[in-house]
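Close look at the chain arrangement
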Amino acid sequence: MNEIQKKIISLKKERGALILSHYYQALPVQDISDAVGDSFALAKLAQKAEQDIIILCGVRFMAESAKILNPGKTVYLPFEAAGCPMADMICPDDVLSLRRKYPKAAVVCYVNSSAAVKAVSDICCTSSSAEAIVRSLPNRQIIFVPDRNLGAYVAKKVPEKEIILFEGYCPIHNGVSPEDAVAAKKASPEACLLVHPECRPDVLAHADYIGSTAGILDYARNTDAKEMIIGTEIGVYDILKRELPEKKFLMVKDEFVCPDMKKTELEDVLACLEGKRSPIELPENEMLGAKASLERMVSIG
Ligand code: SF4
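Residues numbered from 1 in each chain as written. Predicted model: local features only at pLDDT ≥ 70, side-chain atom pairs only at ≥ 80, totals over all residues.

Thoughts on the domain arrangement of the protein chain
Each assigned domain of the protein chain is listed with its residue range as follows: domain 1 (3–83 + 262–281), domain 2 (87–168) and domain 3 (177–251). Using C-alpha coordinates to define each centre, domain 1 is positioned 28 Å away from domain 2. Between domain 1 and domain 2, the residue contacts involve 9 residues of the former and 10 residues of the latter. Looking at the side of domain 1 that touches domain 2, the elements that each hand over two or more residues are α3 (39–48) and α4 (60–69). Among the elements that take part in the side of domain 1 that touches domain 2, α4 stands out by supplying 4 residues, more than any other. (Domains from an automatic or database assignment. Contact = placed C-beta atoms within 7 Å. Helix = DSSP H or I, 4+ residues; strand = E, 2+ residues; numbered from the N terminus.)

Examining the site of the ligand
The local shell around the ligand consists of V59, C84, P85, M86, N112, C170, I172, H173, E233, C258, D260 and M261. The class makeup of the residues in the shell around the ligand is 8 nonpolar, 2 polar and 2 charged. (Near = placed C-beta within 6 Å. Nonpolar A, V, L, I, M, F, W, Y, C, P; charged D, E, K, R; others polar.)

Section: the sheet that holds strand β10 (residues 209–210)
Strand order in the open sheet made by the 4 strands is β10-β9-β11-β12, with parallel pairing throughout. Both outer strands of the open sheet, β10 and β12 (248–251), are each paired with one neighbouring strand and no more. Bridge count for strand β9 (residues 192–195) against β10 is 2 bridges, and the pairing is parallel. Residue L194 lies in a different strand from β10, and its bridge partner there is Y209. Against the sheet, helix α12 (residues 213–222) makes contact with β9, β10 and β11 (227–231), and its axis sits at roughly 155° relative to β9, the strand it touches most. Where helix α13 (residues 234–243) meets the sheet, it contacts β11 and β12, and its direction lies at approximately 165° from that of β12. (Pairing = 2+ DSSP bridges. Axes fitted to C-alpha atoms, helices over the stretch in contact; angles between N-to-C directions.)

Focus on the sheet that holds strand β6 (residues 123–125)
The 4 strands lie next to each other as β6-β5-β7-β8, forming an open sheet whose pairing is parallel. The open sheet has two edge strands, β6 and β8 (162–165), and neither has a second partner. Direction aside, the axes of adjacent strands within the sheet are offset by 30° on average. Inspection of the sheet shows strand β5 (residues 106–110) paired to strand β7 (residues 141–145) by 4 bridges, in the parallel sense. Bridging across to β7, V108 finds its partner in F144. Relative to β8, helix α8 (residues 148–157) is tilted by about 170°, and along the sheet it contacts β5, β7 and β8.

A short note on the pairing of strand β3 (residues 53–57)
Of all 5 residues in β3, 4 are buried; the element is thus mostly enclosed. Two elements, strand β1 (residues 17–22) and β3, share 5 bridges in a ladder whose sense is parallel. When the sheet's bridge partners are listed, I19 is paired in β3 with I55. Handedness of the β3-α4-strand β4 (residues 74–76) crossover: right-handed. (Buried ≥ 20, exposed ≤ 12 C-beta atoms within 10 Å, placed from the backbone. Right-handed = clockwise from strand over helix to strand, strands pointing away.)

Re the pairing of β12
As judged from the 4 bridges shared by β11 and β12, these two strands associate in the parallel manner. Note on β12: the bridge partner recorded for I230 is M251.

Quick look at the packing of α12 against α13
Where α12 contacts α13, the axes come no closer than 11 Å and their chain directions differ by 25°. It follows from the interaxial angle that α12 and α13 lie roughly parallel. Both α12 and α13 take part in a crossing whose hand is right-handed. From α12, T213, I216, L217 and A220 reach across to α13, where they touch V236, I239 and L240. (Parallel < 35°, antiparallel > 145°, perpendicular 65-115°, else oblique. Left-handed = near helix turned anticlockwise from the far one by under 90°.)

Quick word on the nonpolar core
Grouped together as the largest cluster of nonpolar side chains are 101 residues, with contacts concentrated most on L56, V108, V145 and V269. It is α4 that contributes the most residues to this core, 6 residues altogether. Once residues within four sequence positions are removed from consideration, V269 is found in contact with I8, I19, V29, I32, I55, C57, P78 and T264. (Core = buried A, V, L, I, M, F, W, Y, C linked by C-beta atoms within 7 Å.)

Put into structure tokens, the structure is as follows:
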């Protein structure tokens, strides 16, 4: 542990703060965190947090969700401009116009979205809970926003529902091509390919396992396979490489990095603890609407 990490740990205890990190954060940031998880795990931990301060090392929608689920707490996003390009592809008016077009449909909103979009949706989901959440709804028609790739994956799993897709996507996961998948498998024929459902359907077609970030980590930890190609952000590869040195991990393509997730530096976390950052604030109407959508997700997931 370096000096700044030691300073963060000691100040964290002194100030009674909880530090939560997403799996895509850099390892030095993960190492000073109380818990590391995917967006669903982080949302649940934030909801139950007893500490007065929550520092969420990730991107903006994650810190917003923490604030919404536990509004009495002071929630910080250490690098305030860390956003999610997929979340920025949709606005509340897009959802409202789909609602007008499909009045009988329920709106399922991937958590990778702004509080304002969650507020006009019926229920949120994560990549691990999307299928169960769509199944749980009585409506036959489902408007799925904003990720068209995750929506298409769910549509295949739940054919009895009509899934109406929005044309959003994660530029990082969507950037993997089927040629990347084929080339990676050809280069390592013994390896199995583990892919996140934010990737394109023609990439998922080559996968040996499809799952959320947490699902990929669990699969890699528990399988007998000795060689695996990782089809999600490089943070997952970094965790597995450090944790399981006896196994061989490769990336499906070079430069599989979410730049926003890598913006958080230890100095930013320290700045939150020193009171040099502004906490997350959201308009009351967004807080209430988004809370209902998030709480429905947590109760089902
Ligand atoms: S990996 Fe994709 S979905 Fe996740 S934060 Fe980055 S841009 Fe958004």
